Amino acid sequence: MRHGFNSWGRVVRRHRDIASLAGLTGSGAGALLPFGNGRSYGDSCHNDAGRLMPMRPGAAIRAFDPETGLLTADAGVLLSEILALVMPHGYFLEVTPGTAQVTLGGAIANDVHGKNHHRRGTFGRSVVSFVLCTSDGSNIACTPAQNAGLFQATIGGMGLTGVIEAATIRLMRVPSANVRQTAFRFASIDGYFDAIDAIDASHEYSVSWIDQLARGSSLGRGVLMAGDHAEDGGPARPPAPPRLSVPFSPPVNLLNRVTLKAFNALYFGRAPETSKSSIVPWGSYFHPLDAIRDWNRLYGPRGLFQHQSVYPAETARETTIRLIECAQRHGAASFLTVLKRFGDVPSPGLMSFPRPGFTLTLDFANSGPATLAMLDALDQIVLLAGGAINPYKDQRMSAAMFEASFPNWRTLEAQRDPALMSDFWRRTAMRLVRPEHERMPARAAAAG
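The structure presented is a predicted model; accordingly, all values stated were derived computationally and were not measured.

A few words on helix α1 (residues 79-86). When α1 is considered as a whole, its buried residues turn out to be Leu79, Ser80, Ile82, Leu83 and Val86. All buried residues of α1 fall inside an arc of 160 degrees around its axis, so they share one side. Each element contacted by the buried residues of α1 is listed here: β4 (61-65), β5 (70-74), β6 (91-93), α2 (104-109), β9 (163-173) and α7 (282-286).

Structure follows, in structure tokens:
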């Protein structure tokens, strides 16, 4: 395995060959896939039967206009590098995911979301234009009006429509990158759902941490953290190198039920019982785990699985309870359990994961077949609720579950560049490319 080309889940992969961007138009080279910074949890950034094209080397920001807030950069530029440049000018990303260590191209290809989806939708809404390199030698300029179909398919298209060379995005003016946070703890999942409507109506950002191990009347207890860019936040420091580091992978999973039960009790106990407002650094609010280099190594040598789902608001309270109880029945412990709302702001992307409702994210150490069985059980709960699974966080959902989550996948397949392929697309969509009469209904196939 080549160092530096893992996904963030760290589940063992085979050897991969490396190609340059010029290899996209090479003949007989096999399937290719652009590779950003490897922060996808699953296999959407893997191509073990083909080659990867690293996008980071030589990537640079090409232009930034402090008057308009428009920025143009190569696809391999990190969001952290963009923030370092624009924050002193009073700008911030309109949408930022939970880590700034993702590339611009990766943020577009996965149409990432943040803590303000209920206000601003996905990252794709910030995209003004991009240049797409395809295997027939074309450099195609894409905007919402020019080559609109390809524009829509590329946003959320997981790098399969072509290689994004550079993109122009729109930034937003903020009084400070730092955040005035309003936080409080809730005693059960009812406390979250009883409060969230008012919280989201009055704040730009909101996210909640859930104690996945709490049971009984405390099931779903947690801490809700709403935020807004602070009017009195003062200057924000640029992204700093991680203060802490996990230098090697321990022989066992350190984030187990014993350690997490103690951590959860401490974290919940330290949270304010009633609403408390304070100014917090932007990094600790948006990207807290970026402060710990290689934190994913704590899960041990077998890596981790992340399960992120979205499901309708009408039954969200019940669905959230079922998902938490399912993980508990399987004896699993989730280190990072996050619950937040997705709004009804539409994405320009064809295959965007967010949709109106609520999204629950759970992280589990890879314990082999037992973990996979639990994840399948979680999928069934989401499927029956009419929800979907996040493809760029996944490395094991069935082809049927994928189709149920993204019934329009064939439109992306029709736009896919024939030279590009990923392990995710190979094990999901490619298994579905057969006549309709040979296939089971999605719901029945997923159940089987």
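Still to come is the rest of the account.
Take the sheet that holds strand β12 (residues 222-229) next. Sheet architecture is open: eight strands sit in the order β14-β10-β12-β11-β17-β18-β16-β19, paired in antiparallel fashion. This sheet does not close on itself; its edge strands, each paired only once, are β14 (276-280) and β19 (388-389). Bridging between strand β16 (residues 304-311) and strand β18 (residues 357-365) involves eight bridges; their strand directions are antiparallel. By the bridge assignment, Tyr311 is partnered in β18 with Phe358.

Burial of the side chains of strand β2 (residues 32-35) extends over both faces: Leu32 and Pro34 are buried on one face and Leu33 and Phe35 on the other. Examined bridge by bridge, β2 and strand β3 (residues 51-54) share four bridges and lie parallel to one another. Counterpart to Leu33 in the pairing with β3 is Leu52.

Turning our eyes to something else, we now look at helix α5 (residues 189-202). The end-to-end C-alpha distance of α5 is 21 Å, a good match for the 20 Å that 14 residues give at a rise of 1.5 Å each. The axis of α5 is deflected most strongly, by about 45 degrees, at Ile196. By the burial criterion, the buried members of α5 are Ile189, Tyr192, Phe193, Ala195, Ile196, Ile199 and Asp200.

So, on to the side chain of Lys393. Considering the arrangement of structural elements, one finds Lys393 in the loop between β19 and α10 (399-405). For the buried residue Lys393, which engages in no salt bridge, the nearest side chain bearing the opposite charge is Asp363, 7.0 Å off. Of note is the side chain of Lys393, whose polar atom sits 2.8 Å from the side chain of Gln306. Ignoring any residue separated from it by four or fewer positions in sequence, one finds Lys393 in contact with Tyr41, Gly42, Gln306 and Gln308.

Bringing the packing of helix α8 (residues 316-329) against helix α9 (residues 369-384) into the picture now. In contact at an axis separation of 10 Å, α8 and α9 are set at 165 degrees when each is read in the N-to-C sense. Here α8 is positioned roughly antiparallel relative to α9, judged by the angle of their axes. Of the two elements, α8 crosses α9, and the hand of that crossing is right-handed. Facing Thr319, Arg322, Leu323, Cys326 and Ala327 of α8, the residues of α9 in contact are Met374, Ala377, Leu378, Ile381 and Val382.

To continue, consider the packing of aromatic side chains. All chains considered together, the criterion is met by 19 aromatic pairs. Consider the rings of Phe402 and Phe406, whose centres lie 5.8 Å apart with planes at 35 degrees: the pair is tilted. Accessibility classification places Phe402 together with Phe406 in one group, the buried group. By the ring-pair criterion, three or more aromatic residues cluster together here, those being Phe92, Tyr205, Trp282, Tyr285 and Phe286. For the cation-ring pair, Lys115 lies above Tyr285, with the distance from its terminal atom to the ring centre recorded as 5.7 Å. Over the face of the ring belonging to Phe268 we find Arg185, whose NZ or CZ atom lies 5.1 Å from the ring centre.

The subject of this paragraph is the pattern of salt bridges. Under the counting rule described, the total for this entry stands at 21 salt bridges. The shortest N-O distance in the salt bridge between Arg62 and Asp74 comes to 2.6 Å. Taken as a pair, Arg62 in strand β4 and Asp74 in strand β5 lie far apart in primary sequence, 12 residues in all. Here Arg62 falls in the partly exposed class, since its relative accessible area comes to 48%. Residue classification places Asp74 among the buried positions, given a relative accessible area of 14%. It is possible to trace a salt-bridge network through shared partners that takes in Asp43, Asp376, Asp379, Asp394, Arg396 and Arg427.

For the rest of this paragraph, the subject is the environment of Ile292. Here Ile292 is to be found in strand β15 (residues 292-293). Between the C-alpha atom of Ile292 and that of Pro241, which follows or precedes it by 51 residues, the distance is 9.0 Å. Setting aside residues no more than four positions away along its own chain, Ile292 makes contact with Pro242, Leu244 and Val246.

Calculation rules
Residues numbered from 1 in each chain as written. Predicted model: local features only at pLDDT ≥ 70, side-chain atom pairs only at ≥ 80, totals over all residues. Heavy atoms only, no water. Buried < 20%, exposed > 50% of the residue type's maximum accessible area, 1.4 Å probe, protein only. Helix = DSSP H or I, 4+ residues; strand = E, 2+ residues; numbered from the N terminus. Arc of directions from axis to C-beta. Contact = heavy atoms within 4.5 Å. Pairing = 2+ DSSP bridges. Expected span 1.5 Å × (residues − 1). Bend = angle between axes of the 7 residues up to and from the residue. Lys, Arg positive; Asp, Glu negative; His and termini not counted. Salt bridge = Lys/Arg side-chain N within 4 Å of Asp/Glu carboxyl O. Polar contact = N/O pair within 3.5 Å; in protein donor to acceptor, adjacent residues only side chain to side chain. Axes fitted to C-alpha atoms, helices over the stretch in contact; angles between N-to-C directions. Parallel < 35°, antiparallel > 145°, perpendicular 65-115°, else oblique. Left-handed = near helix turned anticlockwise from the far one by under 90°. Phe/Tyr/Trp six-rings, centres within 6.5 Å; stacked < 30°, edge-to-face > 60°. Lys NZ or Arg CZ within 6 Å of the ring centre and 35° of its normal.

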